[in-house]
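Analysis of the macromolecular model
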Amino acid sequence: WIALLAAIVLLVVGTFYINRLLPAELDNTAVLAGWYCFVVGNIINFYYGYLNTLLQGRGEVTAANKVVIASRGIQVLVGVIMVITGFGLLGLGIASLLSTIVSRMLARQYVFSRQHPEMNGLVADRDGTMNLVKILWHNASRMGIVLLGVFLIWRANTLVASSYLGLKEAASYGLAIQIFFLLNTIATVPFHLAMPKLNALRAQNKHEQVYRAFSTLLVTALLVYSIASLMVLFFGNYFLISIGSSTKLPNYFVLLGMVAVFLLEINHGTCANFITTGNKIPFVGAAVITGGGIVITSILLTPIFGIAGLVISQGIVQAAYNN
């Protein structure tokens, strides 16, 4: 049902949005074909996403990460080849779809491997499943609302940028956001790998071990991010120029603001994830209100300050509570 809902939203709302953004002089056939490939890949991900979760849930974190690495690697490799050979956005869409198909096949291979014969011949237990859903629904639904808030906090500004700024500025902001998301992901890898262990320790009430491990992981994340973000701040545009990129990062002061905003995000985001190991999600309202506040503030400030307005909105609304 989630996959079906995603299909409707992406194909109807998403396609309308893409068509609205395309310049009149551009042949939209290849762009829309690339978009549809991207959409199909995302629908497949929604439908088979449980495979990665199952791997993590039974402790096979390495296998789950191999699937992610294989997916991203294929997407980058095929995407680069397709763009170089002149396929443009269509090539990126095909790369996205191909990486999704390969990653789902690989994940299925790990889930139903010979080492897990208990996975063969499983019998559906509808009553048991529904009872389990009822138990999980309270926190699962709250976490779903939080993720909607997270989308508004981080992704909605990209839509605001493409609506209120020129394509060049929107591309610059989008590139910077992607880079800082990547740094965030890399910096928090040790923490996410340790989440099953933290959950187990919390369940066993081994509080001293939990807090010692968490503090080490948090400091590690902040340190890794700080070093990497400073490299982007001082050398990012030089690297983009060296590879012939037509898109550059925003100016120094905007970039500095983004470095600070993401640093604070890693700090409170990691703490929020840690809170969930206690089977509590007390930040639902904070996520939704913050997301809505950022969208409204961005719409008000972006026409006046440009890209800086997007960063200012992130900074002041997050600082009001979440940070």
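None of these values were measured; they are calculated from a predicted model. (Residues numbered from 1 in each chain as written. Predicted model: local features only at pLDDT ≥ 70, side-chain atom pairs only at ≥ 80, totals over all residues. Heavy atoms only, no water.)

Details of the pattern of salt bridges
Evaluated as defined, the whole model comprises two salt bridges. Residue arginine 58 pairs with glutamate 60 through a salt bridge whose shortest N-O separation is 2.6 Å. For arginine 212, the salt bridge identified is with glutamate 208, shortest N-O distance 2.6 Å. With a gap of four residues between them, arginine 212 and glutamate 208 both fall in helix H9 (residues 207-242), about one helical turn apart. Arginine 212 gets classed as partly exposed once you look at its relative accessible area, which sits at 49%. Residue classification places glutamate 208 among the exposed residues on the basis of a relative accessible area of 59%. (Salt bridge = Lys/Arg side-chain N within 4 Å of Asp/Glu carboxyl O. Helix = DSSP H or I, 4+ residues; strand = E, 2+ residues; numbered from the N terminus. Buried < 20%, exposed > 50% of the residue type's maximum accessible area, 1.4 Å probe, protein only.)

What to know about the packing of helix H3 (residues 50-57) against helix H5 (residues 88-111)
The geometry of H3 relative to H5 is characterised by a closest axis approach of 9 Å and an angle of 35 degrees between their N-to-C directions. Remark: the crossing between H3 and H5 carries left-handed chirality. Mapping the contact onto sequence places Leu51, Asn52, Leu54 and Leu55 in H3 and Arg104, Ala107, Arg108, Tyr110 and Val111 in H5. In the contact of H3 with H5, the residues fall into six nonpolar, one polar and two charged. (Axes fitted to C-alpha atoms, helices over the stretch in contact; angles between N-to-C directions. Left-handed = near helix turned anticlockwise from the far one by under 90°. Contact = heavy atoms within 4.5 Å. Nonpolar A, V, L, I, M, F, W, Y, C, P; charged D, E, K, R; others polar.)

A short note on the side chain of asparagine 322
Considering the arrangement of structural elements, one finds asparagine 322 in the segment after helix H12 (307-320). When its relative accessible area of 18% is taken as the criterion, asparagine 322 is described as buried. A polar contact is formed between the side chain of asparagine 322 and the side chain of threonine 290, at a distance of 3.1 Å. Only 2.9 Å separates the side chain of asparagine 322 from the side chain of glutamine 318, close enough to count as a polar contact. (Polar contact = N/O pair within 3.5 Å; in protein donor to acceptor, adjacent residues only side chain to side chain.)

Section: helix H7 (residues 167-187)
In a regular helix each residue adds 1.5 Å, so 21 residues correspond to 30 Å; H7 covers 30 Å between its end C-alpha atoms and thus fits that length. For H7, every residue scored as buried is listed here: Ala170, Ser172, Tyr173, Gly174, Ala176, Ile177, Phe180, Phe181, Leu183, Asn184 and Ala187. On its buried face, H7 sits against helix H6 (126-164), helix H8 (189-203), H9, helix H10 (252-276) and H12. (Expected span 1.5 Å × (residues − 1).)

Topic: the packing of aromatic side chains
Taken as a whole and judged by the stated rule, the model has 11 aromatic pairs. Aromatic side chains phenylalanine 191 and phenylalanine 214 sit 6.2 Å apart centroid to centroid with 70 degrees between the ring planes, which places their arrangement in the edge-to-face category. Taken together, the positions of phenylalanine 191 in helix H8 and phenylalanine 214 in helix H9 put the pair 23 residues apart, joining distant regions of the chain. For the residue pair phenylalanine 191 and phenylalanine 214, the accessibility class agrees, reading buried in each case. Measuring from ring centre to ring centre gives 6.4 Å for phenylalanine 234 and tyrosine 252, while their planes differ by 45 degrees; the resulting arrangement is tilted. On the criterion of sequence distance, the pair formed by phenylalanine 234 in helix H9 and tyrosine 252 in helix H10 is long-range, its members being 18 residues apart. Since its relative accessible area comes to 38%, tyrosine 252 is described here as partly exposed. (Phe/Tyr/Trp six-rings, centres within 6.5 Å; stacked < 30°, edge-to-face > 60°.)

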